[in-house]
Number of protein chains: 2
Amino acid sequence: MGRWEPDAQGRLARAAMELYIERGFDSTSVAEIAKRAGLTERTFFRHFADKREVLFGGSAGLQDLMVEAVRGAPKSAAPMAAVAAGLLATGPLFQDRREYARQRHAVIAANAELRERELIKLASLASALADALRGRGVNDPAASLSAEAGIAVFRVAFDRWIDISNKRDLTQLIRESLDELKAVTAAG
Amino acid sequence: MGRWEPDAQGRLARAAMELYIERGFDSTSVAEIAKRAGLTERTFFRHFADKREVLFGGSAGLQDLMVEAVRGAPKSAAPMAAVAAGLLATGPLFQDRREYARQRHAVIAANAELRERELIKLASLASALADALRGRGVNDPAASLSAEAGIAVFRVAFDRWIDISNKRDLTQLIRESLDELKAVTAAG
């Protein structure tokens, strides 16, 4: 109790993911996650508000990272270039986490409530990016369109990144998807 | 009972919207909606599965309309041009329904569960558009990017259309938002 557990959060997250995949998210209890990790429920609740937060606890950090990069883009950067900076800033966060991202994706895809939660997360990301663009003096509809288009690029790049046959890194796929968006809109 | 009621569905929908705005969605019962419309609960359930369907009953029709127009676009049309045809096909559906759309938007904005439902609706629209593009021989990521970008355009155009100060029609705003997306991606 209160004792320091080496990497308790990481052990709990890995145990949770194993169980979500083996039994499904709904059929897994916090008690089982703690047991699998060799820790107590009390320790679980020191790190996560509930078992859903194991999957979504990183959302705020992801959003801050993107927003900071949009804010920090050169003053001269066009709206979509600032958004691109925001998306590309996430590359290092996901470095070496492809297997985890793939498992998380499988757990979420199997559960309607989690799919909704993921949609809400992406909608708040888009909304935060649009606000950051407005903070740079970008007007609407350019701000909301650039932000929404940016999140579309991020989703598509992320899905390609976690695809089993993919060998490229996320940063590269974000760049390619940005180019592809430019190509399809120019040709439309 | 079973008696034909002139425009029962329209009367129920208008009564429901009035009550959702007056009392909030959660605090309105089907019994109250039926009473306000001068009809029975039984008649309500002949037209709507539940009180949420009053707000989302049109989703399937909207999706079919977009998908048909994407499928029916000239063979030579680029992916984004086919998506544009899909978006523009919705114009007549919303003709003369701006006040209704504005009220519906206010009801949904005030309720977390309804906002989630709306996000799910838009995600299925994007997914249906991407499938329609694949049916035209468009590969990924162009198919998913064009579909997601198209839905972003639709959302932005729709929000501008229902804005109280707006005087332009939905079709015109969709065209403008498509042009704006082209401009921001080209400059990015």
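What counts and what doesn't
- Residues numbered from 1 in each chain as written.
- Chains lettered and ligands numbered in written order.
- Predicted model: local features only at pLDDT ≥ 70, side-chain atom pairs only at ≥ 80, totals over all residues.
- Heavy atoms only, no water.
- Domains from an automatic or database assignment.
- Contact = heavy atoms within 4.5 Å.
- Buried area = accessible area lost by both parts, 1.4 Å probe.
- Salt bridge = Lys/Arg side-chain N within 4 Å of Asp/Glu carboxyl O.
- Polar contact = N/O pair within 3.5 Å; in protein donor to acceptor, adjacent residues only side chain to side chain.
- Helix = DSSP H or I, 4+ residues; strand = E, 2+ residues; numbered from the N terminus.
- Nonpolar A, V, L, I, M, F, W, Y, C, P; charged D, E, K, R; others polar.

S.K.: Requested: an account of the domain arrangement of chain A, with residues and values cited.
M.R.: Residue and element names in this part refer to chain A. Taken domain by domain, chain A consists of domain 1 (8-54) and domain 2 (58-187). For domain 1 versus domain 2, the distance between C-alpha centres works out to 28 Å. At the interface, seven residues of domain 1 touch eight residues of domain 2. Summed over both partners, the interface of domain 1 with domain 2 buries about 770 Å², with 66% contributed by carbon and sulfur atoms. When the area that domain 1 buries against domain 2 is broken down by residue, the three leading residues are M17, F25 and R52, summing to 64%. At the boundary of domain 1 with domain 2, the tally comes to one salt bridge. Here R52 ties to E113 by a salt bridge, and the two come within 3.2 Å at their closest N and O atoms. Seen at the junction of domain 1 and domain 2, the total is three residue pairs in polar contact (both at pLDDT 80 or more). At three residues, the largest contribution of residues to the side of domain 1 that touches domain 2 is made by helix 1 (residues 8-23). Here the side of domain 1 that touches domain 2 is composed, by residue class, of five nonpolar, no polar and two charged.

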